[in-house]
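Tertiary structure, described
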Amino acid sequence: MRELMVRDAIREALDEEMARDSTVFQMGEDIGVIGGNFKCTAGLRDKYGDLRVKDTPISEQGFVGMGVGAALTGLRPVVELMFADFLMVCGDQLFNQMAKITYMSGGQCSVPMVVRMPLGGGRSSAAQHSQSIHAWAAHIPGVKVVLPSTAGECKGLLKTAIRDNNPVMFFEHKMLYTTKFDDVPDEGEDVCIPFGKARIVQEGDDITVVTNSMMTIKATKAVKKLAEEGIHAELIDLRTIVPLDTETIIRSVKKTGKLLIVDEGHIDFGISGEIATRIMPDVFYDLEAPVQRLGTGNVPLPFSPALEFPLIPDEKSIAAKIREMV
């Protein structure tokens, strides 16, 4: 295994898949000449040329629609939105076209397309550039929804996404791009991580904690600290919410008897409530306490760090909730 920043692991995955398959190409705002807003595509335009790493106008409707058309003709577009917040601009192309064409054509057409986008708060980018709206995508049938948490997870899951014959929405937390992880396979190893199979980050028997993306990193720190206090939590990183690995969650809750779901999305109508509802028929009689949730407060994220940071779950609030439940 190697140590890499998340952004470099993403770039490696894109590079390897473009080298492996000539039908893979990329489109997005500023991904070519300057290598992307978060430098995930740096150097790829020089290597593969303007036709395969294409800078686009500031028109999400236009270039996402082009991606759908390209996928229908046999190409494998990887389309980057500069922020996940902008998926509302191209909502028709994503949710009325990309997600539904396979179904409406009776399976005659496929849309092998990946939409990459950064999400999440923590950079004080204000309400229009800080949202975690992955639950929106998960609500629409026809798309797979991925939320990686480490450099190795980003690389393995992105390679799987590019090879999938279905539309994939790939959410990357913007606070992770320059974080280093030592879980990236050695160069030359072609490792794809399957969808719908959660990762057990830490085993334990006192409580189950289910997380995704940046919340996995924060929860990992909390769980390690609590272990020193004699509280042993089992931490599960979902990886994907569509498909959702309920089996791993159910198996863990049957062992621990308690469940905390931590998600950066707004607490109302988010994936934490969906997870709790899905597993309830299987774990109701195993639960020793009500299922609990942590999420972002139900207000638009403020620009001020002093107001923004307390709204988002962090290591301290996760640890406090686990202590309370145990």
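Residues numbered from 1 in each chain as written. Predicted model: local features only at pLDDT ≥ 70, side-chain atom pairs only at ≥ 80, totals over all residues. Heavy atoms only, no water.

Let's shift gears to the overall build of the protein chain. Helix and strand counts for the protein chain stand at 12 helices and 14 strands. In terms of overall size, the protein chain behaves like a compact globule, its C-alpha atoms giving a radius of gyration of 19 Å where 326 residues would be expected to give roughly 20 Å. C-alpha atoms of the protein chain, sized along the principal axes, occupy 55 × 40 × 40 Å. Counting the 326 residues in the protein chain, one finds 55% classified as buried. In the protein chain, the share of contacts with a sequence separation of at least 24, taken over all contacts with a separation of at least 6, comes to 82%. Entry remark: accessible area of the protein chain is about 13700 Å², with carbon and sulfur atoms responsible for 54%. In the protein chain, the 35 positive side-chain charges and the 45 negative ones have mean positions that sit 1 Å from each other. (Helix = DSSP H or I, 4+ residues; strand = E, 2+ residues; numbered from the N terminus. Rg over C-alpha atoms; globule rule 2.2 N^0.38 Å. Buried < 20%, exposed > 50% of the residue type's maximum accessible area, 1.4 Å probe, protein only. Contact = heavy atoms within 4.5 Å. Areas by Shrake-Rupley, 256 points an atom, 1.4 Å probe, with all protein chains shown as cover. Lys, Arg positive; Asp, Glu negative; His and termini not counted. Charge placed at Lys NZ, Arg CZ, Asp CG, Glu CD.)

Secondary-structure assignment places Met 66 in helix 3 (residues 60-72). Measuring from C-alpha to C-alpha, the distance between Met 66 and Met 27 comes to 9.2 Å, with 39 residues separating the pair along the chain.

Quick look at the pairing of strand 7 (residues 168-173) now. Moving residue by residue along a regular strand, the side chains alternate between the two faces of the sheet. In terms of burial, strand 7 is a largely internal element, six of the six residues being buried. Neither face of strand 7 is left uncovered, since the one carrying Val 168, Phe 170 and Glu 172 and the one carrying Met 169, Phe 171 and His 173 both have all their residues buried. Pairing of strand 5 (residues 114-119) with strand 7 involves six bridges; the strand directions are parallel. By the bridge assignment, Val 114 is partnered in strand 7 with Val 168. This β-α-β element, strand 6 (residues 144-146) to helix 7 (residues 151-163) to strand 7, shows right-handed connectivity. (Pairing = 2+ DSSP bridges. Right-handed = clockwise from strand over helix to strand, strands pointing away.)

A few words now on the sheet that holds strand 10 (residues 207-211). The strand order across the open sheet built from five strands is 9-11-10-13-14, with neighbouring strands paired in mixed fashion. The open sheet has two free edges, formed respectively by strand 9 (199-202) and strand 14 (292-296), since each of these has just one partner strand. Strand-to-strand twist across the sheet, computed as the mean angle between neighbouring axes with direction ignored, equals 25°. Bridging between strand 13 (residues 259-266) and strand 14 involves four bridges; their strand directions are parallel. Among the inter-strand pairings, Leu 260 is bridged to a residue of strand 14, identified as Gln 292. (Axes fitted to C-alpha atoms, helices over the stretch in contact; angles between N-to-C directions.)

For the pair helix 9 (residues 246-256) and helix 10 (residues 271-283), the least separation of the axes is 10 Å and the interaxial angle reads 55°. Judged by the angle between their axes, helix 9 and helix 10 are oblique. Crossing geometry of helix 9 relative to helix 10 is assigned as right-handed. Residues Thr 246, Ile 249, Ile 250, Val 253 and Lys 254 of helix 9 lie in contact with helix 10, whose contacting residues are Ile 275, Arg 278, Ile 279, Asp 282 and Val 283. Residues that form the contact of helix 9 with helix 10 fall into these classes: six nonpolar, one polar and three charged. (Parallel < 35°, antiparallel > 145°, perpendicular 65-115°, else oblique. Left-handed = near helix turned anticlockwise from the far one by under 90°. Nonpolar A, V, L, I, M, F, W, Y, C, P; charged D, E, K, R; others polar.)

Let us look at the nonpolar core. One finds Leu 87, Leu 94, Met 98, Met 113, Met 169 and Phe 171 to be the most contacted residues of the largest nonpolar core, which totals 48 residues. Of all the elements in the fold, those that place two or more residues in this core are strand 2 (24-28), helix 3, helix 4 (91-98), strand 5, strand 7, helix 9, strand 13 and helix 10. Counting residues in each nonpolar core, the second largest holds 36 residues, with Val 78, Phe 170, Ile 193 and Met 214 among its members. (Core = buried A, V, L, I, M, F, W, Y, C linked by side-chain atoms within 4.5 Å.)

Right, let's get into the packing of aromatic side chains. Enumeration according to the criterion identifies four aromatic pairs in this entry. Look at Phe 83 and Phe 86: their rings are 5.6 Å apart centre to centre, the planes differ by 75°, and that puts the pair in the edge-to-face class. When its relative accessible area of 8% is taken as the criterion, Phe 83 is described as buried. Summarising the aromatic geometry, the rings of Phe 284 and Tyr 285 are spaced 5.0 Å apart at their centres and angled 90° between planes, so their arrangement reads as edge-to-face. On the basis of relative accessible area, Phe 284 is assigned to the partly exposed category, the value being 48%. Here a set of aromatic residues connected by ring pairs shows up, and it is made of Phe 38, Phe 83, Phe 86 and Tyr 177. (Phe/Tyr/Trp six-rings, centres within 6.5 Å; stacked < 30°, edge-to-face > 60°.)

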